[in-house]
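What follows is the residue order along each chain.
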Amino acid sequence: MTHPSDHRAYFFKIDTTIKKIRNALQKQFNETGFDLTVDQWVLIDHLYRNPGISQNVLADLTTKDAPTVTRMIDLLCKKGLTERRMAEDDRRKFLIFLTTDGQAKYDEVLPTVVDIRRKGWGDLSEEDYQHFVRIMDSIYSNISE
């Protein structure tokens, strides 16, 4: 028996939607002069919500490999938006924090991100959102098994 997903390229739909959102965000970032990439924003967003996490945890949260996150943190440090602090319990481990400028950048960029999210969501309802999350969580769980 054929499964409904056999002929539906749902991954392609997800991938093209993500690319469309990323492109719209990057375009707005460039037009507004934020001097950030979308990937840098993702790190800043996670650091805002999880101050003082390790680079490895940040890599896990963002599904990026550790060397990529290290390079991105290096760039954000050069921009004065993040800083590394040695962990008190393990001198080999560094914890990453937003600087005051990094927190200000978060506050500056967030309204643009929210606007793009609202535009993308359009007139979809809370119930639509709950279905969307359930479906995406299910696909994620199925692939993770």
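Residues numbered from 1 in each chain as written. Predicted model: local features only at pLDDT ≥ 70, side-chain atom pairs only at ≥ 80, totals over all residues. Heavy atoms only, no water.

Remarks on the overall build of the protein
The secondary structure content of the protein amounts to six helices and three strands. When the helices and strands of the protein are listed from N to C terminus, the series reads α-α-β-α-α-β-β-α-α. Burial analysis of the protein (145 residues in total) assigns 26% to the buried set. A sequence separation of at least 24 residues applies to 47% of the contacts in the protein between residues at least 6 apart. Charge-centre separation for the protein: the mean point of 21 positive side chains lies 5 Å from the mean point of 23 negative side chains. (Helix = DSSP H or I, 4+ residues; strand = E, 2+ residues; numbered from the N terminus. Buried < 20%, exposed > 50% of the residue type's maximum accessible area, 1.4 Å probe, protein only. Contact = heavy atoms within 4.5 Å. Lys, Arg positive; Asp, Glu negative; His and termini not counted. Charge placed at Lys NZ, Arg CZ, Asp CG, Glu CD.)

Structural notes on the pattern of salt bridges
The tally for this structure, following the rule as stated, stands at nine salt bridges. The shortest N-O distance in the salt bridge between Lys19 and Asp15 comes to 3.2 Å. One end of the pair is Lys19 and the other is Asp15, both in helix H1 (residues 10-32) and four residues apart, which spans about a single turn. When its relative accessible area of 47% is taken as the criterion, Lys19 is described as partly exposed. (Salt bridge = Lys/Arg side-chain N within 4 Å of Asp/Glu carboxyl O.)

Comments concerning the side chain of Thr112
For Thr112, the position within the fold is in helix H5 (residues 100-121). Given the relative accessible area of 13%, Thr112 is considered buried. Apart from the residues lying within four places of it in its own chain, the contact partners of Thr112 are Gln28, Phe29 and Phe34.

What to know about the environment of Gly52
For Gly52, the location among the structural elements is in the loop between helix H2 (38-49) and strand S1 (53-54). A residue is classified by how much of its surface remains accessible, and Gly52, at 17% relative accessible area, is buried. Residues Gly52 and Met86, 34 residues apart in the sequence, show an inter-C-alpha distance of 9.9 Å. With sequence-adjacent residues up to four places away left out, Gly52 is seen in contact with Leu95, Ile96 and Phe97.

Notes on the packing of aromatic side chains
Considering all chains together, one arrives at five aromatic pairs under this definition. On the numbers, 5.7 Å between centres and 75° between planes, the contact of Phe29 with Phe34 is edge-to-face. One exposure class covers both Phe29 and Phe34, and it is buried. For the ring pair Trp41 and Tyr106, a centre distance of 5.3 Å and an interplane angle of 15° mean the geometry is stacked. (Phe/Tyr/Trp six-rings, centres within 6.5 Å; stacked < 30°, edge-to-face > 60°.)

Let's talk about the nonpolar core
Formed by 23 residues in total, the largest nonpolar core has its most connected members in Phe29 and Ile44. Listing elements by their share of this core, those giving two or more residues are H1, H2, helix H3 (55-62), helix H4 (66-78), strand S3 (94-98) and H5. Sequence-distant contacts of Phe29, that is, excluding residues within four places in its chain, are made with Phe34, Leu36, Thr37, Val38, Trp41, Val109, Thr112 and Val113. (Core = buried A, V, L, I, M, F, W, Y, C linked by side-chain atoms within 4.5 Å.)

Some details on unusual backbone geometry
Phi at Asp35 is positive, roughly 55°, even though this residue is not glycine. Inspection of the secondary structure puts Asp35 in the loop between H1 and H2. The residue Thr63 is not glycine, and still its phi comes out positive at about 50°. Looking at where Thr63 falls in the secondary structure, it is placed in the loop between H3 and H4. Take Thr63: its relative accessible area is 68%, and that puts it in the exposed class.

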